[in-house]
Amino acid sequence: MKTDGAGESFDLVVIGGGPGGYVAAIRAAQLGWRTLCVDRHGRPGGTCLLEGCIPSKTLLETARLFREAQHLVEEHGIEESKLSLDVKTMMERKEKVVDGLSQGIAHLFRKAGVEFVTGEARVEGPGAVAITSGGHERKVKAERILLAVGSRPAELFLLPVDGHRILHSGHVLSFKRVPRHLIIVGGGVIGLELGSLWLRLGSKVTVVEMLPEILPGMDQTLVRHLTRQLRKEGMQFLTGVHLVRVIEDEDGISLVYRDREDREEVLAGTRILVSAGRVPNSDVAGIPQLGLLKDAQGRLLVDDQYATSVPGIYAIGDLTPGPMLAHRASEEGIVMVERAAGLQRDNVRLDTIPQVLYTDPELAAVGLTEEQARQQGLEVVTGSFPLQANGRARSMGKAEGLVKVVARAEDNRLLGVHILAPHAGEWLSTATLAIKKGMTAQELGRLICPHPSLAEALKEAAMAAGGKAIHL
């Protein structure tokens, strides 16, 4: 392998071209830093753009249209003709969306003056990075090194992923045909989104969850509403089960489990998606050799500057404690760079990071659930508003949903907002801003919303927290 000497120097070397890394690189270049971004993929965007968020939402949109055309248009007076699904065309559209966005990031890199390199980066110590690409090794110096290498799907011992019948999320986004029966092990966000996708395209879908309930950590009132809706669509749920083994034969694959009564049962399917969460990539890029402080889950510990325990080395996003969300990583990348440049920036508050489950309806949340607030010893008041009473939802024919507001009893200060509704992620940002600014539920309820709009349900739920809802 040919090696270049370490003659080049950069103000910042970013390892990882995902939503945390590429955003940090662009912001650093805007501030005049000489910046290099290295990623193992052949194009920028990371797991979120290339293998996760964007591909899944693109396919979910196709699935939504397909289902609505099949089942919902008649009530609008639209006569449907026979529909069919071309999976190949659907996947080509997905790749076109991904390619366009990745090319857009590459353009932004060129515009800002960021150098992007495809390769494997290894931190050799403070200020030293080696990049291997195509049998060639290049060594560079860096005043600061930012680790933004993200995470990967967690593995289960009983279900080793083979890419054929036992799959992770990336495989499920590239099917060549609709699976006859998709078994999903894990009732979290990723599993339910991908289950919704293939359910609407014609699969039988069974979600298997070891915990008593799906979506732990989200408001259980809204989760029960969502579960009922998904069951109406045909999704099946097995909760509180214990996995025993898998059986493969020429017809498919079966999952053997013990149910809540400790009876051994067999669930036959054609594919199994292992959706048991994600783990940080803290074992790549030379990280193990650096001696960085970690927590029990292998996540890197950082201070409020996103500096690790080794001077000059920083980390953001999924590598560090906190919710594994793309928008969190992006904001942390900007804050890390701006603080290192001497600019004043507020902390990224984990309690104001929104999360969205892109089912239909969407489940979106920010802040504490009622259960979490009470566990913290807080006295709370809540306000709820059903979409059945919202004019816009009724006119859309999508009134199965609910908005719930959680506020502190002593002063009505907002603690959390939870929305189960069409496009909930698009109008959750109002609630995110309200919590960040310390608004009360009463103040949120005084906002003037367009009429008719789905956002009026948020206003009414906030008013209900003080017993002043008008349309209840």
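The structure displayed is predicted, hence computed values, not measured ones.

A.B. asks: Now, about the pairing of strand β3 (residues 35-39): what can you tell me, with residues and values included?
C.D. replies: By the criterion of burial, β3 is predominantly enclosed, with 5 of the 5 residues buried. Of the two faces of β3, the one carrying Thr 35, Cys 37 and Asp 39 and the one carrying Leu 36 and Val 38 are both buried. One ladder, built from 4 bridges, connects strand β2 (residues 8-15) with β3; its direction is parallel. Bridge pairing links Leu 12 to Thr 35 in β3. Each parallel crossover has a hand, and for β2 linked through helix α1 (residues 21-30) to β3 it is right-handed.

A.B. asks: Go over the sheet that holds strand β16 (residues 271-274), please, and point to the residues and values.
C.D. replies: Reading across from one edge, β9-β16-β10-β11-β12 is the order of the 5 strands in this open sheet, with parallel pairing throughout. Each edge of the open sheet is held by one strand with a lone partner, namely β9 (166-167) and β12 (236-239). Across 4 bridges, strand β11 (residues 204-209) lies against β12 in parallel orientation. Each bridged residue has a counterpart across the sheet, and for Thr 206 the counterpart in β12 is Gln 236.

A.B. asks: Account for the packing of aromatic side chains, naming residues and giving values.
C.D. replies: Counted by the stated rule, this structure contains 2 aromatic pairs. An angle of 55° between the planes, with centres 5.1 Å apart, marks the rings of Phe 175 and Trp 198 as tilted. Here Phe 175 is found in the loop between α5 (169-172) and β10 (181-185), whereas its partner Trp 198 is found in helix α6 (residues 189-200), with 23 residues between them in sequence. Judged by relative accessible area, Phe 175 falls into the buried class, the value being 5%. Residue Trp 198 is classed as buried on the basis of its relative accessible area, which comes to 0%. Across the ring face of Phe 10, the terminal group of Arg 34 is positioned such that the distance to the ring centre comes to 4.2 Å. Above the face of the Trp 33 ring, Arg 144 is positioned so that its terminal group lies 4.4 Å from the ring centre.

Cut-offs applied
Residues numbered from 1 in each chain as written. Predicted model: local features only at pLDDT ≥ 70, side-chain atom pairs only at ≥ 80, totals over all residues. Heavy atoms only, no water. Buried < 20%, exposed > 50% of the residue type's maximum accessible area, 1.4 Å probe, protein only. Helix = DSSP H or I, 4+ residues; strand = E, 2+ residues; numbered from the N terminus. Pairing = 2+ DSSP bridges. Right-handed = clockwise from strand over helix to strand, strands pointing away. Phe/Tyr/Trp six-rings, centres within 6.5 Å; stacked < 30°, edge-to-face > 60°. Lys NZ or Arg CZ within 6 Å of the ring centre and 35° of its normal.

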